[in-house]
Amino acid sequence: MTSTNGEGPRVIRTLIADDQEAVRRSVRRILTAQPDIEVVGEAADGLAALELAAELRPDVALVDVRMPRMDGLELTRRLAGPGVAEPVRVVVLTTFDLDEYVYPALQHGASGFLLKRSGPSLLAEAVRAAADGESLISPSVTVRLLRHVTAPRRPERGRSAPVVPLTEREVEIAGHVAAGRTNADIAAELFISPGTVKTHVASIQRKLGVANRVGIAVHAWEMGWAAGAR
């Protein structure tokens, strides 16, 4: 994260990628009104966004699903996929609550997604959450979407276990992440420090081979680990 000076507050450098000029203009207006968010670039298609991201190195990229030249799924994979050396945190923008592209976007490394009709406060919250590596939208919405996205797969338990097995505590924490809880919430529930939770979360991500907390949540829902889902 950058800052206005060595001791000042962080400024989250954000890239907007959407083929609709009106959407880009609206998102820019909302974000530039925030004292801690700076829009460093805009792109009208996926390929241009990829080139801008390489040049500008934003902290967060807001990516539309459907764009010319390179769609949002491929752009997300190239920006945030597990094999990317210096990943950019991606928030996928979608028009529909249950867009058929959302699940593949999460598999490709997106930290989460946001509905285009969401209000200004939620948009700013999503950018801040992405920059912090936390949930991108309110926990209740995250859980509702994860239920729908993963429900058809859960009965089959189709996802294989990680090569390095999770400890009992890690499975427990993964379940709480899937329930949309923050590190502070999990720490209070389990009577451990937020720093310990953060360490466990990093270990879980590494073992599962996922890029972020949403990847943990998707895996936990598919394995039946989600707190309250058993």
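For the structure, check the block above.
Described below are features of the structure shown in this document. Since the structure is predicted, the reported quantities are computational estimates derived from the model, not experimental observations. (Residues numbered from 1 in each chain as written. Predicted model: local features only at pLDDT ≥ 70, side-chain atom pairs only at ≥ 80, totals over all residues. Heavy atoms only, no water.)

## Digging into the nonpolar core
Then, in step 1: In this structure, A61, V63, L75, L79, V90, V92 and A110 are the most contacted members of the largest nonpolar core, which totals 25 residues.
Then, in step 2: Contributing elements (two or more residues each) for this core: β2 (10-17), α2 (46-56), β4 (60-64), α3 (72-80), β5 (89-94), α4 (102-107), β6 (112-115) and α10 (213-223).
Then, in step 3: In terms of residues, this core owes the most to one element, α3, which gives 4 residues.
Then, in step 4: In this structure L75 touches A17, G46, A49, L50, V63, M67 and M70, once residues within four positions along its chain are discounted. (Core = buried A, V, L, I, M, F, W, Y, C linked by side-chain atoms within 4.5 Å. Buried < 20%, exposed > 50% of the residue type's maximum accessible area, 1.4 Å probe, protein only. Helix = DSSP H or I, 4+ residues; strand = E, 2+ residues; numbered from the N terminus. Contact = heavy atoms within 4.5 Å.)

## Quick look at the side chain of E170
Then, in step 1: Mapped onto the fold, E170 is located in helix α7 (residues 168-178).
Then, in step 2: Owing to a relative accessible area of 4%, E170 belongs among the buried residues under this scheme.
Then, in step 3: At a separation of 2.9 Å, a polar atom in the side chain of E170 contacts the main-chain amide nitrogen of T167.
Then, in step 4: Those residues in contact with E170, other than ones at most four positions away along the chain, are P165, H200, S203, I204 and K207. (Polar contact = N/O pair within 3.5 Å; in protein donor to acceptor, adjacent residues only side chain to side chain.)

## Some remarks on α7
Turn by turn, an α-helix covers 3.6 residues, leaving residues three or four places apart pointing in a common direction.
Then, in step 1: Three or more residues of α7 are buried, namely E170, I173, A174, G175, H176, V177 and A178.
Then, in step 2: Looking one or two residues past α7, G180 carries a phi angle of roughly 85°, positive in sign.

## Considerations on the pattern of salt bridges
Then, in step 1: This structure, assessed with the given rule, holds 13 salt bridges.
Then, in step 2: The salt bridge partner of K116 is D64, with a shortest N-O separation of 3.1 Å. Of this pair, K116 sits in the loop between β6 and α5 (120-132) while D64 sits in strand β4; the two residues are 52 residues apart in sequence, bridging distant segments of the chain.
Then, in step 3: Accessibility expressed as a relative area gives 27% for K116, which makes it partly exposed.
Then, in step 4: D64 sits in the buried class, given a relative accessible area of 6%.
Then, in step 5: When salt bridges that share partners are traced, they join D18, D64 and K116 into one network. (Salt bridge = Lys/Arg side-chain N within 4 Å of Asp/Glu carboxyl O.)

## With respect to unusual backbone geometry
Then, in step 1: A positive phi angle, near 50°, is found at R57, a position not held by glycine.
Then, in step 2: Along the chain, the position of R57 falls in the loop between α2 and β4.
Then, in step 3: Taking the relative accessible area as the measure of exposure, R57 reaches 35% and is therefore partly exposed.
Then, in step 4: At F191, a position not held by glycine, the phi torsion is positive, near 60°.
Then, in step 5: One can find F191 in the loop between α8 (183-190) and α9 (194-208).

## Here we look at the packing of α7 against α8
Then, in step 1: At a closest axis distance of 10 Å, the pairing of α7 and α8 adopts a crossing angle of 130°. For the element pair α7 / α8, the angle class is oblique. α8 is crossed by α7, and the crossing has right-handed handedness. Along the contact surface, α7 presents R169, E172, I173, H176 and V177, while α8 presents I186, E189 and L190.
Then, in step 2: Here the contact of α7 with α8 is built from residues that sort into 4 nonpolar, 1 polar and 3 charged. (Axes fitted to C-alpha atoms, helices over the stretch in contact; angles between N-to-C directions. Parallel < 35°, antiparallel > 145°, perpendicular 65-115°, else oblique. Left-handed = near helix turned anticlockwise from the far one by under 90°. Nonpolar A, V, L, I, M, F, W, Y, C, P; charged D, E, K, R; others polar.)

## Re the pairing of β5
Then, in step 1: Burial within β5 is extensive, with 5 of its 6 residues counted as buried.
Then, in step 2: A crossover connection joins β4 to the parallel β5 through α3; in handedness this β-α-β unit is right-handed.
Then, in step 3: Summarising the sheet, β5 and β6 pair through 4 bridges and their orientation is parallel. When the sheet's bridge partners are listed, V91 is paired in β6 with G112. (Right-handed = clockwise from strand over helix to strand, strands pointing away. Pairing = 2+ DSSP bridges.)

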